Amino acid sequence: RRLMHPLDHDTTMDHQIHQTMSLKMTSSSYETVYSEQNEEEYGGEDDYSYASSAGEDEDYEEEEEGMNEEDCSSNTNHKITNDFKQHFVAIGVAIIAALVTHMHINGGYMTWREEMRNDWEILMKRFGGNKNENTIVSNNAAAAPYAAPSMNYIPTHQRKMASEKAMEGYIKEDHQYARKSGGHERAREYRRTDGLTFCPVAHLITSPAITAAVDDSTSTPSNNLEDVEFLLALDPSVRVLHSYYLADALGVESSMVYEDPAAEFLGSYGSDVILKDIDLLSGEEPTLDQVKHILESHLPSSLVDNEHACLLHQYALNKATGRSIRGTTKAYVRPHVSTFYRSKFPSHSVAAFGKPAAKVGPAPLSFTGFATKFINLSTQPVKLYWDAGRISSGPREGQMHTVLIGTVQSMESIGTASHPGHQFFVATTYDKDNVLDRYTATADEQVWYYDPLEDLSLEKRVEEMDKMTKDKKWTAKQRFGREAWMVNQSFSRDYLVKTRMIWLANFPQPYHDGSNTALEKVSNHMWPAEYIGQVHTFDTNHLYFTDLPQELESLTKQDYEPDMESQRLSAMEQFQSTSLKGGTDSDNNKSMSLNVKVVSCAPRVVEVKKFLSPVEVQHLINLASGETGNVPMELSRVSASPNGGKRMRGDAMAEVRSSKGGWIHREQDVVVDTIFRRVADLLNIDERLMRDHYTPEDLAGDVELPPTHDRVVEAMQLLRYDPGDGYTAHHDFTFPSVGSRYQPRRFASVLLYLTGEGDVVENGVRSKSSGINDDKALEGGETTFPRAITTENHDGIKIKPQSGKAVMFYNVLPDGNMDDLSQHAGEKVEKGVKYLANIFVWDPIIN
């Protein structure tokens, strides 16, 4: 049946091929593989059936059943009549001829189709299916143009995997992981493609009537998200986006489903297999239902995404002409600065339709820095250097001053903060003087691609890529990475036109829309920042510590078991209060309310005063000061990228950051644990996301632990800044791999100020300056956002240290892009000592 077009096959031939395949399944080699145990586990011969579009399935099944009972039993001598022999020989000749022709055209495609049957049974078991679900088609299967293949045998290597219950755990394939029914629920439900639309919808129509209706609406886009339409080249965009959808459906990394039919785990779930099936569709305009049936022949119906089907439908319609793929997603369009002030421009900030009647421009900024991103499209790792020019004085006068930013692996990226005019170059890893390319940083050119094939025409480039693949000069994963970056680069142009901002993230990204409740369940909450001074309130039942227990011990996994946790929290109530001064609450309240105040709209920065109690502040200082704590404080480091980038060292690092720091986990003690819980309330996320979700079975195995079971928060970083110490303007976000399904990134940064202006720390004890020791009182050390948009401040905004205050800012925009304006700095401490704690929260998982 698979040798002919699924819509135009001959029913008689279909029946004969079906019988022949049934005979083939009874060979001695099959009997060896298909034991009685496998028959019981994976489905017996009675389950072997086809759903045909000919409307004659019942007759086929009856004939097949009789043949299986009388002719195909391994314990019965087969008696084949002369008529059947002649019939069988004729059909066999026809099959061989068709096979030769088909294999000549499509190579090993039939092998892939056979493997798909085998993988299906295992996949159904992974997702809770049963052997009765082996044909995934609609209720009117008889009229379906394409039917799922039957499955009732497993090849040797996959039978071994199933018997070892490998599919119930993590399958390690190229350092990637399959889905497991454990870990954070939010990670299991996350879909990278959730923000994409390829199906025709009303907002794609641009008629004057609809445009006028939208303009007259009094509703504003949620989180300032607006539709952005993008056009992507048919090749390679469909392959890449199709892989993303498959990865989301199967719960694996995108590179695992990209043209890899030989992969032991995925078999013929490779993206190219489904596209080949769609290529078989005939007719001038294949229908969406036909495409959906093809998808349902490869995936359970519950995993088929409508937008995925529409993407492939566009592919089926456009493949002959090569027209572009058209889609939409949401993009964050930054509001005008006049809307940031309710008191200064009241008539403007609440103007109808979200459009100010009279605009007041933003103040020009004296700081001109920005983020840069470098992508390596070669097959070999390279090193990125900052070329600072020649040294003007000193013992090295006249020599070139270069700073290594980091090593960039093949198809990976790295980032650093820069300024207009900065010079960078890439060189081979073995010789810095072997320069491969040079770049100059400008506000319009923040993203650079090193591409050895850049000078070739598109046709020659594809030829070279095919030749490299044939010669095995790069892996399928590397080719997928290259094509994914090409799609990302194409989308960035449409994003720039819509938003006037550089796209620094990796396309696609799900967006944070307050009205999208399904997405909010798998993404972190974002506090609205409509205007400066806007106040929100959150409640927390993790009250202030106003006294400490005599003994503070580290917490264990058992301490987080429900019964133990409840007892511990109850025992701590005697040391806690809703008042900073302590004492029993007259109303015996078990929760308290804290105010979240917006101090900047662009970037989105909020502060919470009195977030920590004086007792909690002192406890953290004790841990960091070395007086009573045991947290080692070492020279703080700078890292450019999590993907192989090396850290700066020596003088180059000192020019960027000078402080001492140490790390403590929430299990340090009950006080630190309570602070983490309060931070979770500030972020409006479940504090259980800040715990590891490993089981004893996970920890007992020798398989690398998957990130979906990690907590989404880093350890708390305690920092000490002495006089002269500071941290130049930088970003907290890093760049994940383009093919990573989860796209993990630092979502928000929480700063906890332990000392404030005028505070003195002597012998590890914090106190207010008495006037006698003013020379030791903290002065300086402000946190600045030099690119914050205001109407009058040319230097952005400055936040003064205040003991117990929390400041939180988001490193990403609601549409998933990195927020370049989140660049911030720690001003140098003029006098005294500044203590600070950082907590970095990731979304949706940690890198």
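Residues numbered from 1 in each chain as written. Predicted model: local features only at pLDDT ≥ 70, side-chain atom pairs only at ≥ 80, totals over all residues. Heavy atoms only, no water.

Enquirer: Tell me what's going on with the overall build of the protein, and back it up with residues and numbers.
Expert: Across its full length, the protein carries 22 helices and 28 strands. Counting only carbon and sulfur atoms, one obtains 48% of the accessible surface of the protein, whose full area is about 38500 Å². (Helix = DSSP H or I, 4+ residues; strand = E, 2+ residues; numbered from the N terminus. Areas by Shrake-Rupley, 256 points an atom, 1.4 Å probe, with all protein chains shown as cover.)

Enquirer: Report on helix H15 (residues 458–470), specifying residues and quantitative values.
Expert: With 13 residues, H15 extends 18 Å from end C-alpha to end C-alpha; this agrees with the ideal 18 Å at 1.5 Å per step. Residues of H15 that are buried include every one of Arg 461, Met 465 and Met 468, and no others. Considered in projection along H15, the buried side chains sweep an arc of 65 degrees and stay on one side of the axis. Turned more than 90 degrees away from the buried face of H15, the exposed residues are Glu 459 and Lys 470. Looking at the buried residues of H15, the elements they touch are helix H16 (476–499). Taken from the residues just after H15, Lys 472 is the one with a positive phi, measuring 60 degrees. (Expected span 1.5 Å × (residues − 1). Buried < 20%, exposed > 50% of the residue type's maximum accessible area, 1.4 Å probe, protein only. Arc of directions from axis to C-beta. Contact = heavy atoms within 4.5 Å.)

Enquirer: Now, about the packing of helix H19 (residues 614–625) against helix H21 (residues 670–683): what can you tell me, with residues and values included?
Expert: Taken N-terminus to C-terminus, the directions of H19 and H21 make an angle of 120 degrees; their axes are 10 Å apart at the nearest point. Here H19 is positioned oblique relative to H21, judged by the angle of their axes. The way H19 lies across H21 gives a crossing that is left-handed. Listed contacts from H21 to Glu 616, His 619, Leu 620 and Leu 623 of H19 are Val 671, Val 672, Ile 675 and Arg 678. Per-class residue counts for the contact of H19 with H21 are five nonpolar, one polar and two charged. (Axes fitted to C-alpha atoms, helices over the stretch in contact; angles between N-to-C directions. Parallel < 35°, antiparallel > 145°, perpendicular 65-115°, else oblique. Left-handed = near helix turned anticlockwise from the far one by under 90°. Nonpolar A, V, L, I, M, F, W, Y, C, P; charged D, E, K, R; others polar.)

Enquirer: Talk me through the state of the cysteines; I want residue IDs and the actual numbers.
Expert: Throughout the structure, instances matching the rule amount to one disulfide. Residue Cys 199 pairs covalently with Cys 310 via a disulfide, S to S 2.0 Å. Measuring handedness by torsion sign, the sulfur bridge of Cys 199 and Cys 310 sits at about 95 degrees and is right-handed. In this pair, Cys 199 sits in the loop between helix H8 (185–189) and helix H9 (208–216) while Cys 310 sits in helix H13 (residues 306–318), placing the two residues 111 residues apart along the sequence. The pair formed by Cys 199 and Cys 310 is uniform in burial state, with each residue classed as buried. (Disulfide = S-S within 2.5 Å.)

Enquirer: Go over the environment of Ala 484, please, and point to the residues and values.
Expert: Mapped onto the elements of the fold, Ala 484 is located in helix H16. On the basis of relative accessibility, which here comes to 0%, the residue Ala 484 falls in the buried class. Along the chain, Ala 484 and Gly 739 lie 255 residues apart, while their C-alpha atoms are 7.1 Å from each other. Among residues more than four places away in sequence, those in contact with Ala 484 are Val 240, Tyr 244 and Val 738.

Enquirer: Pulling in residues and values, what's your account of the pattern of salt bridges?
Expert: Under the criterion given, the structure shown has 37 salt bridges. Residue Arg 479 pairs with Asp 466 through a salt bridge whose shortest N-O separation is 3.0 Å. Of this pair, Arg 479 sits in helix H16 while Asp 466 sits in helix H15; the two residues are 13 residues apart in sequence, bridging distant segments of the chain. Given a relative accessible area of 11%, Arg 479 falls into the buried group. In this structure, Asp 820 engages Arg 787 in a salt bridge whose closest nitrogen and oxygen atoms are separated by 2.9 Å. Of this pair, Asp 820 sits in the loop between strand S25 (806–810) and strand S26 (824–826) while Arg 787 sits in the loop between strand S23 (783–785) and strand S24 (797–799); the two residues are 33 residues apart in sequence, bridging distant segments of the chain. (Salt bridge = Lys/Arg side-chain N within 4 Å of Asp/Glu carboxyl O.)

Enquirer: Which residues make up H21, and what values do they have?
Expert: For H21, which comprises 14 residues, the first-to-last C-alpha distance of 20 Å matches the rise-based estimate of 20 Å (1.5 Å per residue) to within 8%. Burial runs high along H21: 13 of the 14 residues are buried. Taking the backbone nitrogen of Val 671 as reference, a side-chain oxygen 3.0 Å away marks Asp 669 as the first, capping residue of H21. (Polar contact = N/O pair within 3.5 Å; in protein donor to acceptor, adjacent residues only side chain to side chain.)

Enquirer: Summarise the sheet that holds S23; cite the residues concerned and give the values.
Expert: Pairing within the open sheet is antiparallel, and its four strands lie in the order S18-S26-S23-S24. The sheet terminates laterally at strand S18 (727–730) and S24, the two strands that pair on one side only. Strand-to-strand, the axes of this sheet are offset by a mean angle of 15 degrees, without reference to chain direction. (Pairing = 2+ DSSP bridges.)

Enquirer: A description of the nonpolar core should follow, citing residues and the corresponding values.
Expert: Core analysis: the largest hydrophobic core is formed by 127 residues, its most contacted members being Phe 611, Leu 620, Met 716 and Leu 752. Ignoring anything within four residues of it in the chain, the contact list for Phe 611 reads Phe 538, Tyr 544, Leu 594, Glu 616, Arg 678, Val 679, Leu 682, Leu 752, Gly 804 and Ala 806. (Core = buried A, V, L, I, M, F, W, Y, C linked by side-chain atoms within 4.5 Å.)

Enquirer: I'd love a proper account of the sheet that holds strand S4 (residues 382–390), names of residues and values included.
Expert: Spatially, S5-S4-S7-S8 is the arrangement adopted by the four strands of the open sheet, whose pairing is antiparallel. Edge positions in the sheet fall to strand S5 (400–408) and strand S8 (431–440), since each of these pairs with one other strand and no more. Shown here is a sheet whose adjacent strand axes are inclined to one another by a mean of 35 degrees, direction ignored. Where S4 lies against S5, seven bridges are found, and the strand directions are antiparallel. Residue pairing across strands places Asp 387 opposite Thr 402, the latter belonging to S5.

Enquirer: So what about the pairing of strand S10 (residues 535–540)? Which residues, and what values?
Expert: Residues His 536, Phe 538 and Thr 540 line the buried face of S10, whereas the alternating positions Val 535, Thr 537 and Asp 539 sit on a face that is not buried. Sheet topology places S10 next to strand S13 (residues 592–600); six bridges connect them, and they run antiparallel. Within S13, the position partnered with Thr 537 by the bridge is Asn 595.

Enquirer: An account of unusual backbone geometry is needed here, citing residue identities and associated values.
Expert: In this structure, Pro 508 follows Phe 507 across a cis peptide bond, with omega equal to 0 degrees. Relative to the helices and strands, Pro 508 resides in the loop between H16 and helix H17 (517–520). Omega for the peptide link from Asp 843 to Pro 844 comes to -10 degrees, which places this bond in the cis form. Tracing the sequence through the fold places Pro 844 in the segment after strand S28 (834–843). A positive phi angle is found at Met 411, which is not glycine, with a value near 65 degrees. For Met 411, the location among the structural elements is in the loop between S5 and strand S6 (413–418). Judged by relative accessible area, Met 411 falls into the buried class, the value being 5%. Located in the positive-phi region is Lys 610, a residue other than glycine, with phi close to 55 degrees. The residue Lys 610 is located in the loop between strand S14 (605–608) and H19 in this model.

Enquirer: Could you give me a rundown of the packing of aromatic side chains, with the residues and numbers involved?
Expert: Applying the stated criterion across every chain, the model contains 18 aromatic pairs. By way of ring pairs, the aromatic residues Phe 198, Phe 230, Tyr 245, Phe 491, Tyr 495, Trp 503 and Phe 507 are connected into one cluster. Sitting over the face of the ring of Phe 840, Arg 746 holds its NZ or CZ atom 3.8 Å from the ring centroid. Over the aromatic face of Tyr 721 sits the side chain of Lys 834, whose NZ or CZ is 4.9 Å from the ring centroid. (Phe/Tyr/Trp six-rings, centres within 6.5 Å; stacked < 30°, edge-to-face > 60°. Lys NZ or Arg CZ within 6 Å of the ring centre and 35° of its normal.)

Enquirer: So what's going on with the packing of helix H10 (residues 234–250) against H13? Residues and values would help.
Expert: Interhelical geometry of H10 versus H13 gives an angle of 155 degrees and a closest axis separation of 10 Å. Looking at the two axes, H10 sits roughly antiparallel to H13. Judged by the twist between their axes, the crossing of H10 over H13 is left-handed. Of the residues in H13, those touching H10 at Leu 234, Val 238, Leu 241, His 242, Tyr 245 and Leu 246 are Glu 307, His 308, Leu 311, Leu 312, Tyr 315 and Asn 318. The class makeup of the residues in the contact of H10 with H13 is eight nonpolar, three polar and one charged.

Enquirer: Before we move on, can you summarise the side chain of Arg 678 with the specific residues and values?
Expert: By the secondary structure assignment, Arg 678 is in helix H21. Look past the residues within four positions of Arg 678 in its chain and what remains in contact with it is Phe 538, Thr 540, His 542, Leu 543, Tyr 544, Met 592, Leu 594, Phe 611, Leu 612 and Glu 616.

Enquirer: How would you explain the confidence of the model for the protein if you had to name every residue and give the values?
Expert: For the protein, mean pLDDT is 74; residues scoring 70 or higher make up 65% of the total. Here residues 102–181 scores under 50 on pLDDT; set against residues more than four positions off or in separate chains, the count is 199 contacts. (pLDDT = per-residue confidence, 0-100.)

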